[in-house]
Amino acid sequence: MKTNPKHRLPGGYVAYVMVISTAAILTFMLIFAYKRALLSQSVQSDIQLRMDYGEKEDVILRSIVAITPNRAMRAMQNGSAASGAARDSLRWQNIFADAVIQANAGTSITTDGKKNIGQTNSVSSNAGDGALGTTNLMFGNVHGAASTVYVTPGINRTASTGFPEALVSTDGTVNTNDLVYPIIANNKNYSGLAAKQYKTLQYPAINFGYAKPGENFLAKRNWWGFSMDLADHDDGLTSAALSRRQFVLSIYEVPSQLAISASSFVNLGKYKDGVDWNNIDISGNVFADSAVVEAGVTLPGLSTRSGLTLSRNATVGGQKFDGNPFQPGVREQFEVANGGYFPISMPSESGRAAFIPINRGEDFFDRHSVTNDDETNTLSTTRWNEYSSGAKQCAMRLDVTKVTAGTSPSPTEFRFEYYKGGSRRSDLFPPIQGNATSLPIGFVKVANRNETYTFTEPVDVAYGTTSKLYFKSGVSGAITFSDAAFGWSGSGTRVGYYRPRVPFTTAVGPQGRICVSVFPERFPKFLAAIGGDNVTVNHSLVVNSDYRSNVLVKKPSFPAASGDFGLILNECANLSSFTKGFSLVTNYRLYIGSDFNTVSIAAPAAYSGTLPYYPPCSLFAPEKRFGADSSPYSVGVTGQIGSLAAKDGDTPARPLDSRGINDGLLNPANTTMNLRPLIDPADLPPVTMMNWLVVIEERRREFW
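Predicted, not measured: the structure shown is a model, and the values here were computed from it.

Engineer: Tell me about helix 3 (residues 92–102), and name the residues and values.
Structural biologist: Regarding helix 3, the residues found buried are Trp92, Ile95, Phe96, Ala99 and Val100. Taken down its axis, helix 3 places every buried residue within 135° of arc, on the same side. At the exit of helix 3 stands Asn104, carrying a positive phi of roughly 55°.

And the structure:
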């Protein structure tokens, strides 16, 4: 076989310019694609980093809401001003630092989180993960002070647009401490209003429906402005440049003002004997810690802290809910169909909000359960016991200080404290009976021996010398001051004296119970006789047993034991003299022995509430009974009803139960209740239950 070695394939050539050009184009395209991929990755990384910081900030804000009210309470308690770790923990700097720690904001994913997704040994490439240990790089004030000042307190300043109205304080301690600690104090007030006065404010835009967003409610708003930028802590590492955001942290002091308020588990709809509510008219929202809402009940709105059980046939906000009203989508569907307000709510739904009822339980009724000596050296000028206990807020104090011996003791001495010339005065009042060797306080001369004086109303009278006196109590008409009339014997210059009737005494009450009787209508004249300030100052009364000073005086128990004292409220229909209102607080069982507050008075100027206007009143007792001599046939209640009952497992409180003197429930058919919220500050009585509403809101950038 032969081959032809001279045979060649066709010749060709290579265009080097074309090859190089094509390669360059492909290289440039590859580089461009790579740069775009890097840029896209950088943008995604920056977006993810911003999202990460945003989520961290949101959790931190929630933690601030949870931490701050506790620190504000502690600043009012014993020893909070003493130097050391306990005081330092109350500083705004440490509140913010603790919020960062509580939110676990130093890392994007926890160790447990990695474990749950099977990435225990993974390494995070998030440059934003860090200790976040330098608080003043992340948090700061909004009024241009040094970086060591973390907040701008809302007192004594003309705040710029977007901030709330500032409060006013003339107390140097409050003004200094509020810059460093969260201070709640009675001497922080609105300009032009007296201490502890509240104002009509607009309810914040949150889902917790103590009121509707934008609706008027009564409160005092303590607030502090601050700014936050977490990225500023590690911007050298992350190169993230976030906008610093401004926030307003508010603690609203909210006196109880709803138709029904209870800081415990309550039943709404049935009395204790299982009978359905009857003749109950409720306007405005209802608040409870948790609640069972029975079938057939109609409520305008319901707010709870811990949840509720809602019957399918109960109506709230004009609608019946089939199942759990907090299931996803239920709120949204309702708001679309009904215009935006969901009538059932919990504060946990609002994220940056918390609602805290100030409930001292039995301590609210008993000022001797904690003494003033128990609280000293506090950061706030208002001590916690005085702030949270209704008994300690009362202007007048009546204590049983001595009792008879034996198994059935009876009061033999009262100590009555009241304001006189702006200062508190204390006097002892043994019962007016028999004779005495000195003239008790309040008696004035009215006649000489054998003269007659006519009294148009019952009074207490005395006759004798300055060292020997005989008494008669509750007499009226023509009284002759003579030896024979009073059974007086001896020598010396005898004259007659009188005093308006004492507004408290002892009596035998229902079922033979020894009781203290209180007569509010007598206080104006009696206070004038003893030189006390009038009832615009002495407008509230606490009645307790001083068991701390005398071991023979027994502390009342709950429920009331057979040997415990009771309190009978009589002569209380006409309280028109109490133009600033009247409050009674006691840890005794309370018997309402007559009509209460049934005489209207002229409404204050610019009053926007319900007419006719009655003096604002409140009665606080662990147990109340209607009637003193016998149970009434019918009872009518207008106003608000609250419960300070403690949580008692699965047993609900029933604040609308009405009982007679023998402890039995009154016939529901004869009980009428017209319950409505307070809408004007002039409706607030001297003593109320208190709540705190804690909210963080962002100040919109257009206001900067």
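Engineer: An account of the sheet that holds strand 18 (residues 423–429) is needed here, citing residue identities and associated values.
Structural biologist: In space, the 6 strands of this open sheet follow the order 18-17-16-26-28-30, with mixed pairing throughout. Edge positions in the sheet fall to strand 18 and strand 30 (617–620), since each has one partner strand and no second. Ignoring strand direction, the axes of neighbouring strands in this sheet form an average angle of 15°. Summarising the sheet, strand 17 (residues 411–420) and strand 18 pair through 7 bridges and their orientation is antiparallel. Bridge pairing in strand 18 links Glu417 to Ser426.

Engineer: Before we move on, can you summarise the pattern of salt bridges with the specific residues and values?
Structural biologist: By the definition in use, this model includes 31 salt bridges. Residues Glu57 and Arg245 are paired through a salt bridge, measuring 2.6 Å at the closest nitrogen-oxygen approach. One end of the pair, Glu57, is in helix 1 (residues 16–74); the other, Arg245, is in strand 5 (residues 245–255), and 188 residues separate them in sequence. The salt bridge involving Glu417 is made with Arg367; its shortest N-O contact spans 3.8 Å.

Engineer: With reference to specific residues and values, describe the nonpolar core.
Structural biologist: Ranked by size, the top nonpolar core spans 63 residues in total, and within it Leu268, Val293, Phe416, Phe523, Leu541 and Val543 carry the most contacts. Once residues lying within four places of it in the same chain are set aside, the contact partners of Phe523 are Met396, Phe416, Pro503, Val518, Val535, Leu541 and Phe578. One finds Ile64, Met73, Leu132 and Trp384 within the second-largest nonpolar core, a separate group that totals 44 residues.

Engineer: Please give an account of the pairing of strand 17 that cites residues and values.
Structural biologist: The element strand 17 is largely enclosed, with a buried count of 7 among its 10 residues. Sheet topology places strand 16 (residues 396–403) next to strand 17; 6 bridges connect them, and they run antiparallel. Looking at the pairing, Val403 lines up with Pro411 of strand 17. Between strand 17 and the antiparallel strand that follows it, strand 18, lie 2 residues; Gly421 among them carries a positive phi value of about 65°.

Reading the values: the criteria
- Here, residues in each chain are numbered from 1, in the same order as that chain's written sequence.
- The predicted origin of the model limits local features to residues at a pLDDT of at least 70 and limits the giving and counting of side-chain atom pairs to 80 or more, whereas totals for whole chains, interfaces and linings rest on all residues.
- Heavy atoms throughout the structure, all of them, feed into the side-chain values; hydrogens and water do not.
- Three exposure classes are used, based on accessible area relative to the maximum for each residue type with a 1.4 Å probe and protein chains only: buried under 20%, partly exposed in between, and exposed over 50%.
- Under the scheme used here, helices are H or I runs from DSSP no shorter than 4 residues and strands are E runs no shorter than 2 residues, and both carry numbers assigned from the N terminus.
- What the arc describes is the spread of directions from the helix axis to the C-beta atoms.
- Strand pairing requires that DSSP identify at least two bridges connecting the strands.
- Axes here mean lines fitted to C-alpha atoms, for a helix over just the part in contact, with angles spanning 0 to 180 degrees between N-to-C directions.
- By definition, a salt bridge exists where a carboxyl oxygen of Asp or Glu is found within 4 Å of a side-chain nitrogen of Lys or Arg.
- Side-chain atoms within 4.5 Å link the members of a nonpolar core, which is a set of buried Ala, Val, Leu, Ile, Met, Phe, Trp, Tyr and Cys residues.
- By definition in these notes, contact holds between two residues if any of their heavy atoms fall within 4.5 Å.

That's the geometry; what it means functionally is another story.
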